[in-house]
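Chains, contacts and geometry: an overview
Chain by chain, the residues:
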Amino acid sequence: MGRKSLLVVDDSATFRQLLCMSLTRLEGISQSDITQACDGADALRKMQTRDFDLVLTDVMMPNLNGLELVHRVRSELQNKVPIVIISTKGEEAYVEQGMKNGANCYLLKPISLPRLREVVSGLLAM
Amino acid sequence: MSQRPEDILKVFSKSEELLDMIQRGRAFTEELMAENERLRYRMVQLEAERVSADEIHKREAEKLRLEADLAKQRLEFLDRRFHEIENENKDFAQRYIEVEEQNESLANLYVASYSLHSTLDPHEVIDCIKEILLNLIGAEEFALYVLDEDTSELALAGYEGDPVSALHADRLALGEGLEGLVAANGEAIFALGASDTGEVCACFPLKLKEQVVGVIAIYKLLAHKRQLTDLDHRLLELLAGHAATALVSSRLYAQTDRKLKTWEGVMSLLRER
């Protein structure tokens, strides 16, 4: 697997750091390959200026939430990048909406880091 | 009795034929005897060969039996080793899972402690504690009380979820309610498992050495989270120590900063005069 660029979107700096730490354990991903965004609007701006191989996003965020972000990435940017939603919101309505908007996977917080790496490496290998 | 010469010649002729027949019979008999001798010799040879072949076969059979015994022993040994290695493999797989869990635990603990000590702003420390409780532990409703040293009361510093249903009051006296009791005793209280509605009772003191500086009470876990895991307990233990240090440090820094600014203002006024 060559070098991959990832975008981690979460308003919690603590959680972003945890994800970055876990993802750098994957082959071909270093700290410099991971870009962080503090909300959906920040993520959208970053996605307009460069391409990513995978996006991991929270749902509940200020400015632009994760579900809306997925919708806009698919509809406005016409970007087919794999998107993984990681949220505390486990209700069926949220999961359905996320998948309907175009997310590839919906994971729940608190997350199992080995499971996260499994999902990410699977999507990056596609 | 007189015989005619023709008769005599006839008798001679027959006797020569007879003699010839006898000679041929003799030659045939000698041939038979020679053949008999040759066959007897051959029979002795074959008998000897048969005995030799039997010996060889016996030896071969014995050799094969020994080889079969050795192969059986080898097979048993390999079978034992296979089971031993299979068990070792299972053991390694189990240990790998344990190491992965430890790694996960360490990553969570590292990130949590790093975040707690990365700021000297009391509000940011409280936000960080809330992030840890929500994102790393999976608490849906919780409250953070900080001990007010002036009044010896617990003051509500932050919460998540519905404050009306979960929290009793903005301020609690020591010994009042579960939170006050934990603050007074300095001992944590954990429920064994979440109920069907996800409600849980985990209340633990934030301690700086033996001094209680606050209390965190978890009233409800996220719906998909059944109970607090070992990792959660370790994170909560870490929070109990590090959150207390971070809270006290940030409060002291904020107080000192306020005093410094006051003194700087006073000095500025004095310089102007």
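Residues numbered from 1 in each chain as written. Chains lettered and ligands numbered in written order. Predicted model: local features only at pLDDT ≥ 70, side-chain atom pairs only at ≥ 80, totals over all residues. Heavy atoms only, no water.

Moving on to the overall build of chain A. Across its full length, chain A carries five helices and five strands. From first element to last, N terminus to C terminus, chain A shows the α and β order β-α-β-α-β-α-β-α-β-α. At 13 Å, chain A has a C-alpha radius of gyration in line with the 14 Å of a compact globule built from 126 residues. Long-range contacts, defined here as pairs at least 24 residues apart, represent 63% of the contacts in chain A between residues at least 6 apart. (Helix = DSSP H or I, 4+ residues; strand = E, 2+ residues; numbered from the N terminus. Rg over C-alpha atoms; globule rule 2.2 N^0.38 Å. Contact = heavy atoms within 4.5 Å.)

Between chain B and chain A, the residue contacts involve 20 residues of the former and 19 residues of the latter. Summing the contributions of chain B and of chain A, the shared interface buries around 1600 Å²; its carbon and sulfur component is 59%. On the chain B side of the interface with chain A, the three residues burying the most area are B:E104, B:N135 and B:H224, jointly 34% of the side's total. In this structure, the connection of chain B to chain A is made through two salt bridges. (Buried area = accessible area lost by both parts, 1.4 Å probe. Salt bridge = Lys/Arg side-chain N within 4 Å of Asp/Glu carboxyl O.)

To continue, consider the confidence of the model for chain B. Confidence in the prediction for chain B averages 87 pLDDT; 93% of positions are at 70 or higher. The spread of mean pLDDT over the elements of chain B runs between helix 3 (residues 163-166) of chain B, the lowest at 53, and helix 1 (residues 5-116) of chain B, the highest at 92. (pLDDT = per-residue confidence, 0-100.)

To continue, consider unusual backbone geometry. Note on backbone geometry: most residues besides glycine have negative phi, and most peptide bonds are trans. Residues A:K109 and A:P110 are joined by a peptide bond in cis, for which omega reads -10 degrees. Even without a glycine there, the phi angle at A:N63 is positive, about 65 degrees. Along the chain, the position of A:N63 falls in the loop between strand 3 (54-57) and helix 3 (66-75). Positive phi outside glycine occurs at B:S152, with the angle close to 55 degrees.

On to the pattern of salt bridges, then. Inspection of every chain in the model, using the stated rule, returns 25 salt bridges over all chains. Between A:R25 and B:E100 there is a salt bridge, with its nearest N and O atoms 2.9 Å apart. With A:R25 in the loop between helix 1 (13-23) and strand 2 (34-37) and B:E100 in helix 1, the pair connects residues from two separate chains. Of the residues examined, A:R25 reaches a relative accessible area of 45% and is grouped as partly exposed. Its relative accessible area of 10% is what places B:E100 among the buried residues. Where B:R95 meets B:D91, a salt bridge forms, and the shortest distance between an N and an O atom there is 3.7 Å. Of the two residues, B:R95 and B:D91 are both situated in helix 1; the distance of four residues between them amounts to about one turn of the helix. Its relative accessible area of 38% is what places B:D91 among the partly exposed residues. Each member of the salt-bridge network shares a partner with another, and the members are A:D10, A:D58 and A:K109. (Buried < 20%, exposed > 50% of the residue type's maximum accessible area, 1.4 Å probe, protein only.)

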